[in-house]
Amino acid sequence: MKRKLTRLATERDLIALLGACCMFLALIEHMIPKPVPFLRLGLANLPILISLGMLNPAQVLLLVALKVLGQALVNGTLFSYVFLFSAAGSVSSALVMLAVSRLPDRAVSLVGISISGGLASTTAQLALSSLLVFGKSALYIAPVFLAVGLVTSIVLGIIATAFCSTSRWYGRAAGPAGRWR
Amino acid sequence: MIGSIHELSGDDRMKLRFSYLRPFDFFAALLVLGLIVIAAVVAYSGGGGGTLLHVQTPTGEFLYDLNRDAHLQFEGPIGIMHVEIADGAARVISSPCREQICVNSRPMTSGGDWTACLPNRVFLEVTGKDETEVDAFSY
């Protein structure tokens, strides 16, 4: 039997589902060894990218809050200063991605949005590490950090595009006029 | 309602030719590449940041960026020492000590340069980028 859901309930389900996806991907990411702290793939950003075509800005930010919280629970960093880095990176990245996603489809694709978000996240985390931990030495990790961020954000953008353009689930959740179909 | 996971896969419409890339995508990528180059040049060339003035005083240790001009004051047992950082060099401009060795020593510019005021128990040293690099990665 199919139950008819209101639009609000559907969106709430969607946020919860995407939030759970973030947590799952954070767990996968947690199992991948990292050579240097903060050098991450950012797998958990995939649901955020995908949500841009389905949710409004406030809902995307709510999803980001869920992601940051879920990631902190999975990584066990909730009450450490690493949490600050994660939160600063995620929030700045989401704000920039929301801004860039307002550009028309002929100007930008999910890849460009992903790169912008990655850059914002990296910049915010570098600024924070310069402020809190390394001081000027943060500059030495900047090139590597930025390069890794560029590569992973491009890969995530490509995966998100492939997903959005092929997934029937996304097609229904984003509606007939859904972006990146 | 949200579909099952079996509906997530699709193959016929997969766009593998990257024809979906748009002008802003390239702009963003080039922007990041530019930033990487700039950051690498600044970080790994000698003249850039990373050279720090390390100051040890009876009241604590302090680090200052040698590339940022500043006027600093440090308090020791016999009074206040004034240090100036200008044009990538640090020098003691006044000290309450009798000998004034620290004031007369040459400005400190690169890693390993140091001066000290023993009566006032202030030690100043420039730490090179090699040391800071180790700090950065041994975290």
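Our structure is the block above this text.
Notes on the structure in this doc start here. Note that the structure is predicted; figures quoted are calculated from it, not measured.

Section: the overall build of chain B
Reasoning step 1: Along its length, chain B carries three helices and seven strands.
Reasoning step 2: Each helix and strand of chain B, placed in order from N terminus to C terminus, yields the pattern α-β-β-β-β-β-α-β-β-α.
Reasoning step 3: Here chain B holds 139 residues, and 22% of them are scored as buried.
Reasoning step 4: For chain B, the share of sequence-separated contacts (at least 6 apart) that also reach a separation of at least 24 residues comes to 29%.

Focus: unusual backbone geometry
Reasoning step 1: Residues other than glycine seldom take positive phi values, yet D87 of chain B does so here, at roughly 55°.
Reasoning step 2: With phi around 55°, R121 of chain B is a residue other than glycine that occupies positive phi space.

Let's talk about the packing of helix α6 (residues 138-166) of chain A against helix α1 (residues 23-44) of chain B
Reasoning step 1: Packing of α6 of chain A against α1 of chain B brings their axes to within 8 Å, and their N-to-C directions diverge by 160°. One finds that α6 of chain A runs roughly antiparallel with respect to α1 of chain B. Considering the relative orientation of α6 of chain A and α1 of chain B, their crossing is left-handed. For the pair α6 of chain A and α1 of chain B, the contacting residues are L139, Y140, A142, P143, L146, A147 and L150 of chain A in the first and A29, V32, L35, I36, A39, A40, V42 and A43 of chain B in the second.
Reasoning step 2: Here the contact of α6 of chain A with α1 of chain B is composed, by residue class, of 15 nonpolar, no polar and no charged.

Things to note about the sheet that holds strand β6 (residues 114-117) of chain B
All names here are of chain B.
Reasoning step 1: Reading across from one edge, β2-β1-β7-β6 is the order of the four strands in this open sheet, with antiparallel pairing throughout. Each edge of the sheet is formed by a strand with only one pairing partner; in this case those strands are β2 (60-65) and β6. Sheet twist, expressed as the average angle between the axes of neighbouring strands with direction ignored, equals 15°.

Some points on the pairing of strand β1 (residues 52-57) of chain B
Residue and element names in this part refer to chain B.
Reasoning step 1: Bridge count for β1 against β2 is six bridges, and the pairing is antiparallel. When the sheet's bridge partners are listed, V55 is paired in β2 with F62.
Reasoning step 2: Here β1 folds back onto β2, and the loop between the two strands holds two residues.

Observations regarding the packing of helix α3 (residues 57-75) of chain A against helix α4 (residues 82-100) of chain A
All names here are of chain A.
Reasoning step 1: Contact geometry for α3 and α4: axes closest at 10 Å, N-to-C directions at 155°. Classed by the angle they form, the pair α3 and α4 counts as roughly antiparallel. Regarding α3 and α4, the two cross each other, and that crossing is right-handed. For the pair α3 and α4, the contacting residues are P57, V60, L61, V64, K67, V68, Q71 and A72 in the first and F83, S86, A87, S90, V91, A94 and L98 in the second.
Reasoning step 2: Per-class residue counts for the contact of α3 with α4 are 11 nonpolar, three polar and one charged.

A short note on the nonpolar core
Generally speaking, a soluble globular protein has its nonpolar side chains buried in company with each other.
Reasoning step 1: By size, the foremost hydrophobic cluster in this structure holds 55 residues, and its most contacted members are L46, L49 and A142 of chain A.
Reasoning step 2: Residue assignment for this core shows that the elements contributing at least two residues are α1 (7-31), α2 (46-51), α3, α4, α5 (110-134), α6 and α7 (168-174) of chain A together with α1 of chain B.
Reasoning step 3: At 11 residues, the largest contribution of residues to this core is made by α6 of chain A.
Reasoning step 4: The contacts of L49 of chain A, once residues within four sequence positions are left out, are L110, I113, S114, L156 and A160 of chain A.
Reasoning step 5: Among the nonpolar cores identified, the runner-up in size contains 15 residues, and C102, M108, C117 and L124 of chain B belong to it.

Criteria and thresholds
Residues numbered from 1 in each chain as written. Chains lettered and ligands numbered in written order. Predicted model: local features only at pLDDT ≥ 70, side-chain atom pairs only at ≥ 80, totals over all residues. Helix = DSSP H or I, 4+ residues; strand = E, 2+ residues; numbered from the N terminus. Buried ≥ 20, exposed ≤ 12 C-beta atoms within 10 Å, placed from the backbone. Contact = placed C-beta atoms within 7 Å. Axes fitted to C-alpha atoms, helices over the stretch in contact; angles between N-to-C directions. Parallel < 35°, antiparallel > 145°, perpendicular 65-115°, else oblique. Left-handed = near helix turned anticlockwise from the far one by under 90°. Nonpolar A, V, L, I, M, F, W, Y, C, P; charged D, E, K, R; others polar. Pairing = 2+ DSSP bridges. Core = buried A, V, L, I, M, F, W, Y, C linked by C-beta atoms within 7 Å.

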